[in-house]
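Listed below, chain by chain, are the residues.
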Amino acid sequence: MIGQTWWKERLFTLMFLMLGIVAFFHPTILSGFTFIQTDPGDTRFNNYVLEHCFQWISGNPLHSNLWDCPIFYPLTNTASYSDILIGSAPIYWIWRILGFLPDTSFQLWMITVGTLNFLSCLLFLRQGLHLSSVASVGGSYLFSFASMRGTQLNYPQLLPQFFTMIALYCLCKMFGCFQDQEGSADRRNWAWTALFTVALAGQALAGIYLGFFLFLGLSIALGVSLAFREPRRYLFQFAKINWLPMLISAVMVLPVLGWMAYHYNLTKTLLGARPWSEVALMIPTAKSWIDMGPWNQVYHWLRTYLDFTTIPNEPAHRIGVGLLTTTLSVLGMIQLLRVGWGKIIVICTLILLATAFVYSGEWSPWILVFNHVPAGDVIRVVTRVSLLILVGICVSVAYFLHRMKNSGWAFVLLFFVCAEQYQTTMAYNKYEMRDRIDKIVREVPTDCRSFYCVFNMRSFSGPRYWAYSQLDAMWAQLAVNIPTVNGFSGNIPPGWAPLSDQIFFDSPYSLLLRRINVFQWADLNGLSREDIRVVPVPSPLQKGNMSELSNYDVIPGNKESNTFFGPGWGEDERHGGEVWTWAVARQAKLFVPLLPGVKYIMSFTAAPMSAEPLTQRASILLNGRMVATLSLSNEIRTYEVTLPKELVQELNKIEFEFDYAVSPASLGKADDTRELAMALYKMRIVAAHSVSE
């Protein structure tokens, strides 16, 4: 009988695991692995990061440093702009070692991670909390294949949460869930303590959000436990006996976490923290907890009666789990309040729920986390804390099913809970992506030091999201093994934003404007224009005479002219009918295309920042050579400078070097603290007489 029961339980578990995998990953599985969930944006980016990790472990010299993805060339530490994924990368490595291509390995990685989420939760509920088989399987299904996890599947870095369940299981073994009075708490416990700390580090290395939320949740759990006599006694008893395993485990794990924190802190120093105004839009509201998304097969009709479009960045707020699941969770929490360990789980879940919530007046307690918790100010999408709250929900539902005396009714409820989670997702054809990348690879010269792909508008049949094109170039980078200036990540480096526009219209002049952006980036990072090869995909068909370059204006406020302004210039300013931009440093640069070997007359209308008795002087350099020194009048006037044909190239750098830059505040003229040198109103560049001169 015992053997039969064992096999029935395993068969029941396997049945629901397979049901969950097929339901959750059906666009992939039913297409014969032709389609990848979900979109060619963040999905392909996460695939790229995992492949970078594989190239790193494989010894590829271009990927020799884990934190230096060869994107945004020549910058380093670019992997820290987003999740490094190294915690779950070994799963991907296994599929790559077995010979699968990167995109197929990624599909298998997602399915394997989903399976590990289920099995680790089952271990926690069945062996850690000793719940019934039906309850444990139900809770594991909900944790692994919940609707909220499906709505966030386009951010695959949020999928590997099995480390969290392993850590909770270790806590059960360490403290016996306050049930084993002669057990783990009163003897030295090396194995579970070490595994607990490894699981913490693994979750942090698998993803920033899930790692941060796990540490936050455990910190809350520690505070709650200390508030109750019995849990507090177990904590002190365990710490007294196991201080040495705890110390040694911490010593082993902290350097790894410190290594990660060091690199992420470099990026935070470079880019700054998230502004609260941005974070506030990403905190759950009451409507967030009933939003199941448009593809949930049970609740999609809700969108006919409730307007979810009023929620800023609504897709991130699709964290509902369904009416029945919510009801069972509440009933389970009421029952858990009578259990020692259950009380802690319920209170922690409610604290997280109440903290990450927007109340009337747009106020949220999360601002305390943002201001006072380490790394709290780098968490932008607070709705993702729902994945930790999901732990409390699945435990509560499982406990309710566990307490049901009629296992048949428990099974029926479990079936409907699973049904509430069912939804489909977007997917894209991986073979079409491979063909697209192959076309780009054929255009990239094998002898270039680095490259930057720009895409001809005629190659697109419809609207394009800029990230898709950047990711096309990043995947081409993996194929040719040459660093690229292209990039996509959770953040972008300073000065790179103009390069996000990599679309050119089918003309040489339009392509030249994209090359100007690359020239600015090269100059900003100490490179020559020859260090970066601009690769048009495909090359323009039109063979224009470039007549646009013989006579054109550079005007502040004009979209095309903004391409020419480099470092040292401020934002456009307006007053009345006039538009100007200030030089906000003692050096300001313009990058302009010209006809090489042709003399030009550059006239510009400007006025200096008056700082009497000083006289502002401007030295003007063309491609590093001095061409003029001007004394600027304190009134708005027009100046002319000759650009000698011997110095004129196709892409040109014009530098203004000023004697001084001073803030109006320091002069008592205004509150403006910017260091200002000269206001530029307009500029005109005209070829002198003829091309032959």
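Here the structure is a predicted model, which is why all the values come from computation and not from measurement. (Residues numbered from 1 in each chain as written. Predicted model: local features only at pLDDT ≥ 70, side-chain atom pairs only at ≥ 80, totals over all residues. Heavy atoms only, no water.)

1. Digging into the overall build of the protein chain
Helices and strands together make up the secondary structure of the protein chain, namely 22 helices and 15 strands. Over its C-alpha atoms, taken along the principal directions, the protein chain stretches across nearly 100 × 60 × 55 Å. In the protein chain, which comprises 693 residues, the proportion classed as buried is 55%. Partitioning the intrachain contacts of the protein chain with sequence separation of at least 6 by distance along the chain shows that 76% fall at a separation of at least 24. For the protein chain, the accessible surface area stands at approximately 30,000 Å², while carbon and sulfur atoms represent 61% of it. Charged side chains of the protein chain number 51 positive and 48 negative; the gap between the two group centres comes to 10 Å. (Helix = DSSP H or I, 4+ residues; strand = E, 2+ residues; numbered from the N terminus. Buried < 20%, exposed > 50% of the residue type's maximum accessible area, 1.4 Å probe, protein only. Contact = heavy atoms within 4.5 Å. Areas by Shrake-Rupley, 256 points an atom, 1.4 Å probe, with all protein chains shown as cover. Lys, Arg positive; Asp, Glu negative; His and termini not counted. Charge placed at Lys NZ, Arg CZ, Asp CG, Glu CD.)

2. With respect to a nonpolar patch on the surface
Taken together, the side chains of W190, W243, L247, I248, V251 and M252 define a hydrophobic patch exposed on the protein surface, amounting to about 640 Å² of accessible area. In this structure, L247 sits in helix α12 (residues 243–271). (Patch = residues over 30% accessible without salt bridge, like charges linked within 9 Å, V, L, I, M, F, W, Y side chains within 5 Å. Salt bridge = Lys/Arg side-chain N within 4 Å of Asp/Glu carboxyl O.)

3. Regarding the sheet that holds strand β9 (residues 587–593)
The four strands lie next to each other as β9-β14-β11-β12, forming an open sheet whose pairing is antiparallel. Looking at which strands have only one partner, the edges of the open sheet turn out to be β9 and β12 (625–631). Direction aside, the axes of adjacent strands within the sheet are offset by 20° on average. Each of β9 and β14 (651–658) is contacted by helix α22 (residues 508–524), which is oriented at about 150° to β9, the strand it contacts most. (Pairing = 2+ DSSP bridges. Axes fitted to C-alpha atoms, helices over the stretch in contact; angles between N-to-C directions.)

4. Description of the nonpolar core
Formed by 152 residues in total, the largest nonpolar core has its most connected members in F124, W366 and V395. Per element, the largest residue contribution to this core is 13 residues, and it comes from helix α18 (residues 386–403). For V395, the residues in contact, after removing those within four places along its chain, are F124, L125, L129, L336, W341 and I345. Ranked by size, the runner-up nonpolar core spans 45 residues in total, among them Y509, L595, M678 and A687. (Core = buried A, V, L, I, M, F, W, Y, C linked by side-chain atoms within 4.5 Å.)

5. Observations concerning the UniProt feature "transmembrane region" (unreviewed entry) in the protein chain
Under the present numbering, the feature "transmembrane region" (unreviewed entry) in UniProt falls on residues 12–36, 106–125, 212–229, 241–262, 319–337, 344–361, 381–401 and 408–428. Helix makes up 68% of residues 12–36 and strand 8%, whereas the separation of the span's terminal C-alpha atoms amounts to 29 Å. Helix makes up 76% of residues 381–401 and strand 0%. Its end C-alpha atoms lie 32 Å apart. (UniProt positions renumbered as here; feature names shortened; annotations may be inferred.)

6. Some words on the sheet that holds strand β5 (residues 533–537)
Spatially, the three strands line up as an open sheet ordered β4-β3-β5, and their pairing is parallel. Taken across any chain shown, the strands that pair with only one partner, and hence form the sheet edges, are β4 (503–504) and β5. Pairing geometry for strand β3 (residues 451–456) and β4, over two bridges, is parallel. Note that in β4 the partner of N456 across the bridge is F504. Relative to β3, helix α21 (residues 466–480) is tilted by about 135°, and along the sheet it contacts β3 and β4.

7. Some remarks on the confidence of the model for the protein chain
Mean pLDDT over the protein chain works out to 91, with 95% of the residues at or above the 70 mark. Here β4 stands out as the element of the protein chain with the lowest mean pLDDT, 78, in contrast to helix α4 (residues 89–97), whose mean of 98 is the highest. Scored below 50 in pLDDT, residues 180–186 makes 19 contacts in the model with residues more than four places away or belonging to other chains. (pLDDT = per-residue confidence, 0-100.)

8. Thoughts on the environment of S500
By the secondary structure assignment, S500 is in the loop between α21 and β4. The residues contacting S500, other than those within four sequence positions of it, are W466 and Q470. In terms of polar contacts, S500 uses its side chain to reach the backbone carbonyl oxygen of A497, at 2.7 Å. (Polar contact = N/O pair within 3.5 Å; in protein donor to acceptor, adjacent residues only side chain to side chain.)

9. Concerning the environment of Q297
Tracing the chain through its elements places Q297 in the loop between α13 (276–280) and α14 (302–305). Assessed through its relative accessible area of 41%, Q297 is described here as partly exposed. With near-sequence residues (within four places) excluded, Q297 lies in contact with Y422, Q423 and T424.

10. Quick word on the packing of aromatic side chains
In total, this model carries 39 aromatic pairs according to the counting rule given. Considering the side-chain rings of F106 and W109, the 5.4 Å spacing of their centres and the 20° angle between planes classify their relative orientation as stacked. Of this pair, F106 and W109 both sit in helix α5 (residues 102–128), three residues apart, roughly one helical turn. Since its relative accessible area comes to 0%, F106 is described here as buried. Taking the relative accessible area as the measure of exposure, W109 reaches 0% and is therefore buried. With centroids separated by 5.6 Å and ring planes inclined at 80°, the aromatic side chains of F565 and W569 adopt a geometry described as edge-to-face. (Phe/Tyr/Trp six-rings, centres within 6.5 Å; stacked < 30°, edge-to-face > 60°.)

11. A closer look at helix α9 (residues 190–206)
Between the first and last C-alpha of α9 there are 24 Å, a value that for 17 residues agrees with the 24 Å anticipated at 1.5 Å per step. Looking at α9, one finds that the buried residues are T193, F196, T197, A199, L200, A201, G202, Q203, A204, L205 and A206. Buried residues along α9 sit against α8 (162–175), α10 (208–226), α11 (229–241) and α12. (Expected span 1.5 Å × (residues − 1).)

12. Description of unusual backbone geometry
Cis geometry is found at the peptide bond from Q37 to T38, where omega equals 5°. Its place among the elements puts T38 in the loop between β1 (35–36) and α3 (42–58). Despite not being glycine, F33 has its phi angle at roughly 65°, a positive value. When you line up the elements, F33 lands in the loop between α2 (26–29) and β1. Phi at N77 is positive, roughly 60°, even though this residue is not glycine. Among the structural elements, N77 can be located in the loop between α3 and α4. Overall, the relative accessible area of 10% leaves N77 in the buried class.

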